[in-house]
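Fold and contact review
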Amino acid sequence: MKIVFATNNQHKLDEIREILGPRFEVLSLNDIGCHEDIPEDHDTLEENSRQKAEYVFNRYGYDCFADDTGLEVDALGGAPGVHSARYAEGTDHDSEANMRKLLQELGENNNRNARFRTVITLLRKSPDPQCHVFEGIVNGHIAREKSGTEGFGYDPIFVPEGYDQSFAELGTDIKNEISHRARATRKLVEFLRSEKG
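Below or above, wherever it landed, is the structure these notes cover. Just so it is clear, the model here is predicted, and its values are computed rather than measured.

With 16 residues, helix H2 (residues 45-60) should reach 22 Å at 1.5 Å per residue; the first-to-last C-alpha distance of 23 Å fits that figure. Listing the buried residues of H2 in full gives Leu 45, Asn 48, Ser 49, Gln 51, Lys 52, Ala 53, Tyr 55, Val 56 and Phe 57. Looking at the buried residues of H2, the elements they touch are strand E1 (2-5), strand E3 (64-73) and strand E5 (113-124). Backbone geometry just downstream of H2 places Gly 61 in the positive-phi region, at approximately 80°.

Okay, structure coming up:
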């Protein structure tokens, strides 16, 4: 099955392709010739996810899914949330700057509870236009300092519930089993497989 994942983030693509397996040919935005900067200007993960999927679906005509992910920290009122990729002022996907800011904002606060949340919106054209939404959440806490070299984004400072190592220490195999994106993607895959019969 051929389907577009509305991203050019190689880390996300690799992760999704590994989770989906060989039954699905996952195309990136580059693969379909989409080089525009797709807007993400809403206040929720759900709205941003749908906005990206609709952009590709309406302009390129492919069955498509898009995700939006946020790190939600209790002590920061759910921040950085929808602004996770651009949390540090004047940056765009600068993981080091984002982590520095987050650790500074938390300071010595002992409430370090946090969760990663991914929302995936799937748009399909057959037999009738359909929209489906899948959510994945992994709870955990923010470490006091970075550790590990695997993964990307906030992985070096996020320790998932039930583990004593960060996502960046656990490695991609374990992360792909338990992560927020893995959980949302499994729901997507189960749906697609059930639709295929």
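This part covers the side chain of Lys 175. Tracing the backbone shows Lys 175 in helix H5 (residues 172-178). Exposure remark for Lys 175: the relative accessible area of 3% places this residue in the buried category. Those residues in contact with Lys 175 that lie beyond four places of it in its chain are Glu 15, Phe 152, Asp 155, Phe 167 and Ala 182.

Side chains of Asp 14, Glu 18, Glu 150, Asp 173 and Glu 177 sit close together on the surface and give a patch of like negative charge. For the negative patch, the elements supplying multiple residues, two or more each, are helix H1 (10-20) and H5. Considering the arrangement of structural elements, one finds Glu 150 in the loop between strand E6 (130-142) and strand E7 (158-160). Judged by relative accessible area, which is 37%, Glu 150 ranks as partly exposed.

Leaving glycine aside, a negative phi is the common case for residues, and trans is the common case for peptide bonds. Looking along the chain, the bond that leaves Ala 79 and enters Pro 80 is cis, with omega of 0°. Mapping Pro 80 onto the fold places it in strand E4 (residues 80-81).

Any aromatic ring pair is given by two values, namely how distant the centres are and how the planes are angled relative to each other. Enumeration over the complete set of coordinates arrives at five aromatic pairs. A ring pair is formed by Phe 116 and Phe 167, whose centres lie 6.2 Å apart and whose planes are at 20°; its orientation type is stacked. With Phe 116 in strand E5 and Phe 167 in helix H4 (residues 167-170), the pair connects residues that are 51 residues apart, well separated along the chain. Accessibility assignment for this pair places Phe 116 and Phe 167 in one class, buried. A centroid spacing of 5.4 Å and a plane angle of 45° characterise the contact between Phe 158 and Phe 167, whose relative ring orientation is tilted. The exposure class of Phe 158 is buried, given its relative accessible area of 0%. A network of ring pairs unites the aromatic residues Phe 116, Phe 158 and Phe 167 as a single cluster. Just above the ring of Tyr 55 sits the side chain of Arg 59; from NZ or CZ to the centre is 3.9 Å. A cation over an aromatic ring shows up here: Lys 101 above the ring of Tyr 87, its NZ or CZ 4.3 Å from the ring centre.

Reading the values: rules and limits
- Residues numbered from 1 in each chain as written.
- Predicted model: local features only at pLDDT ≥ 70, side-chain atom pairs only at ≥ 80, totals over all residues.
- Heavy atoms only, no water.
- Helix = DSSP H or I, 4+ residues; strand = E, 2+ residues; numbered from the N terminus.
- Expected span 1.5 Å × (residues − 1).
- Buried < 20%, exposed > 50% of the residue type's maximum accessible area, 1.4 Å probe, protein only.
- Contact = heavy atoms within 4.5 Å.
- Patch = residues over 30% accessible without salt bridge, like charges linked within 9 Å, V, L, I, M, F, W, Y side chains within 5 Å.
- Areas by Shrake-Rupley, 256 points an atom, 1.4 Å probe, with all protein chains shown as cover.
- Salt bridge = Lys/Arg side-chain N within 4 Å of Asp/Glu carboxyl O.
- Lys, Arg positive; Asp, Glu negative; His and termini not counted.
- Charge placed at Lys NZ, Arg CZ, Asp CG, Glu CD.
- Phe/Tyr/Trp six-rings, centres within 6.5 Å; stacked < 30°, edge-to-face > 60°.
- Lys NZ or Arg CZ within 6 Å of the ring centre and 35° of its normal.

By themselves these figures say nothing about function.
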